[in-house]
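These are the residues of each chain, in order.
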Amino acid sequence: MRRAIEVRSADEDDLWVVAEMAATHGPETPNGAGADPRRAREHLSVFVSAGGEVLVAHSERGVVGFLLARPLAPQLYATAPSLYIDAILVDPGARRQGVGRALLSAALRRATDDGAEYVYCAPAPGAREVQRFLARVGFAPAAGHRVVSVAALARWLGQEPAAGPTPALRRDGARTRRDATRAAIEDLVARRRRAREAGLPTGPLDLSAVQEHRSTAPSGPGGAVGPTSHVS
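Residues numbered from 1 in each chain as written. Predicted model: local features only at pLDDT ≥ 70, side-chain atom pairs only at ≥ 80, totals over all residues. Heavy atoms only, no water.

A.B. asks: Could you give me a rundown of helix α3 (residues 99-113), with the residues and numbers involved?
C.D. replies: Each α-helix turn comprises 3.6 residues. Residues three or four places apart therefore point the same way. In a regular helix each residue adds 1.5 Å, so 15 residues correspond to 21 Å; α3 covers 22 Å between its end C-alpha atoms and thus fits that length. Those residues of α3 that sit buried are V99, G100, A102, L103, L104, A106, A107, R110 and A111. Tucked inside the fold, the buried residues of α3 contact β1 (6-9), β2 (53-59), β3 (62-72), β4 (82-90), β5 (118-121) and α4 (128-136). Looking one or two residues past α3, G115 carries a phi angle of roughly 70 degrees, positive in sign. (Helix = DSSP H or I, 4+ residues; strand = E, 2+ residues; numbered from the N terminus. Expected span 1.5 Å × (residues − 1). Buried < 20%, exposed > 50% of the residue type's maximum accessible area, 1.4 Å probe, protein only. Contact = heavy atoms within 4.5 Å.)

Set out below in structure tokens:
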């Protein structure tokens, strides 16, 4: 007889399991923490410290799924409290066994205890199975989420991106030379556009500056050039 699924709040040991599961089975996202279990574990610690809850589903196999939930206070366009599900994931070998339903039942209990009126969830792009699962249990589209990188938005607005924290190294060591070259070219194009808009004379695009950038930029591990992308 199959053992019933038990759902409870994650303890310290569970968080490491959740981090490994997120790294192995989570969707690939541009700014996700799933590529590195250590970074995922840091994210989970911050998430819990900020008032979020990590729910884990147990079976005879151990942890077979998790759900991240946090309360949302009333806001300008949402006058009642809500519960937001940041992530829900079931181990591929334990799917279609009631794990997702058990996790949502636990989330529903928390929503009820918090007096929440709605439960929101925005699955990562490409998470089609999660989308279908949520649709089956009654989740309906609420809004269209859009995302833009800070650098791209700054270029569109004709502004220089504000200095931020030093980017963290990726698992593969550093940003590739090709990425650094592309960034240098984009910077030159943006500067040339701003000069033209200001009525200043502009000549042909001088790619020698790119070569200079590549030759003077500090090298990262393995000979890669320049700053690395920040993984949060």
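A.B. asks: With reference to specific residues and values, describe unusual backbone geometry.
C.D. replies: Although it is not a glycine, R96 sits at a positive phi angle of roughly 60 degrees. Looking at the element boundaries, R96 is found in the loop between β4 and α3.

A.B. asks: How would you explain a nonpolar patch on the surface if you had to name every residue and give the values?
C.D. replies: There is a patch of nonpolar side chains on the surface, built from V148, L153, W156 and L157 and spanning about 460 Å² of accessible area. Locating V148 in the fold gives a position in the loop between α4 and α5 (150-156). (Patch = residues over 30% accessible without salt bridge, like charges linked within 9 Å, V, L, I, M, F, W, Y side chains within 5 Å. Areas by Shrake-Rupley, 256 points an atom, 1.4 Å probe, with all protein chains shown as cover. Salt bridge = Lys/Arg side-chain N within 4 Å of Asp/Glu carboxyl O.)

A.B. asks: With reference to specific residues and values, describe the pairing of β5.
C.D. replies: Bridging between β4 and β5 involves four bridges; their strand directions are parallel. If you follow Y84 over to β5, its bridge partner there is Y120. A crossover links β4 with its parallel partner β5, the connecting element being α3, and its sense is right-handed. (Pairing = 2+ DSSP bridges. Right-handed = clockwise from strand over helix to strand, strands pointing away.)

A.B. asks: Let's hear about the nonpolar core: which residues, and what values?
C.D. replies: Ranked by internal contacts, the top residues of the largest apolar core, which has 21 residues, are V7, L67, I85, I88, V99 and L103. Every element with two or more residues in this core is listed here: β2, β3, β4, α3 and α4. Sequence-distant contacts of L103, that is, excluding residues within four places in its chain, are made with V7, L55, V56, A57, G65, F66, L67, I88, L89 and V90. A19, A40, L44 and L89 belong to the second-largest nonpolar core, a separate cluster that totals 13 residues. (Core = buried A, V, L, I, M, F, W, Y, C linked by side-chain atoms within 4.5 Å.)

A.B. asks: Describe the pattern of salt bridges, and please don't skip the residues or the numbers.
C.D. replies: The tally for this structure, following the rule as stated, stands at ten salt bridges. Where R61 meets D91, a salt bridge forms, and the shortest distance between an N and an O atom there is 3.2 Å. With R61 in the loop between β2 and β3 and D91 in the loop between β4 and α3, the pair connects residues that are 30 residues apart, well separated along the chain. Between D86 and R70 there is a salt bridge, and its shortest N-O distance comes to 2.7 Å. Placement of D86 in strand β4 and of R70 in strand β3 is noted, with a sequence separation of 16 residues between them. In this structure R70 comes out as partly exposed when scored by relative accessible area, which is 29%. Here the salt bridges share partners, and the residues they tie into one network are R8, D11 and D14.

A.B. asks: How would you sum up the environment of A107? Please name residues and give values.
C.D. replies: Tracing the sequence through the fold places A107 in helix α3. Residue A107 is classed as buried on the basis of its relative accessible area of 2%. For A107, the residues in contact, after removing those within four places along its chain, are L55, L67, L83 and I85.

A.B. asks: Describe the confidence of the model for the protein, listing the residues and the values that go with them.
C.D. replies: Per-residue pLDDT for the protein has a mean of 76; in total, 64% of the residues score no lower than 70. Of the regions scoring below 50 in pLDDT, residues 169-174 engages in 17 contacts with residues more than four places distant in sequence or in other chains. The low-confidence segment residues 205-232 (pLDDT under 50) makes 57 contacts with residues lying over four places distant or belonging to another chain. (pLDDT = per-residue confidence, 0-100.)

A.B. asks: Please provide a residue-by-residue account of the side chain of D36, values included.
C.D. replies: Considering the arrangement of structural elements, one finds D36 in the loop between α1 (12-25) and α2 (37-49). Side-chain polar atoms of D36 contact the backbone nitrogen of R38, separated by 3.0 Å. (Polar contact = N/O pair within 3.5 Å; in protein donor to acceptor, adjacent residues only side chain to side chain.)

A.B. asks: Tell me about the sheet that holds β2, and name the residues and values.
C.D. replies: The pairing of strands in a sheet happens through backbone hydrogen bonds and is either parallel or antiparallel. Read across the open sheet, the five strands follow the order β1-β2-β3-β4-β5; overall the sheet is mixed. What marks the edges here is a single partner per strand, and that holds for β1 and β5. Taken pair by pair, the neighbouring strands of this sheet meet at an average axis angle of 30 degrees, ignoring direction. The pairing of β3 with β4 spans eight bridges and is classified as antiparallel. Residue pairing in the sheet places G65 in a bridge with V90 of β4. Seen against the sheet, α1 touches β1, β2, β3 and β4 and runs at an angle of roughly 95 degrees to β3. (Axes fitted to C-alpha atoms, helices over the stretch in contact; angles between N-to-C directions.)

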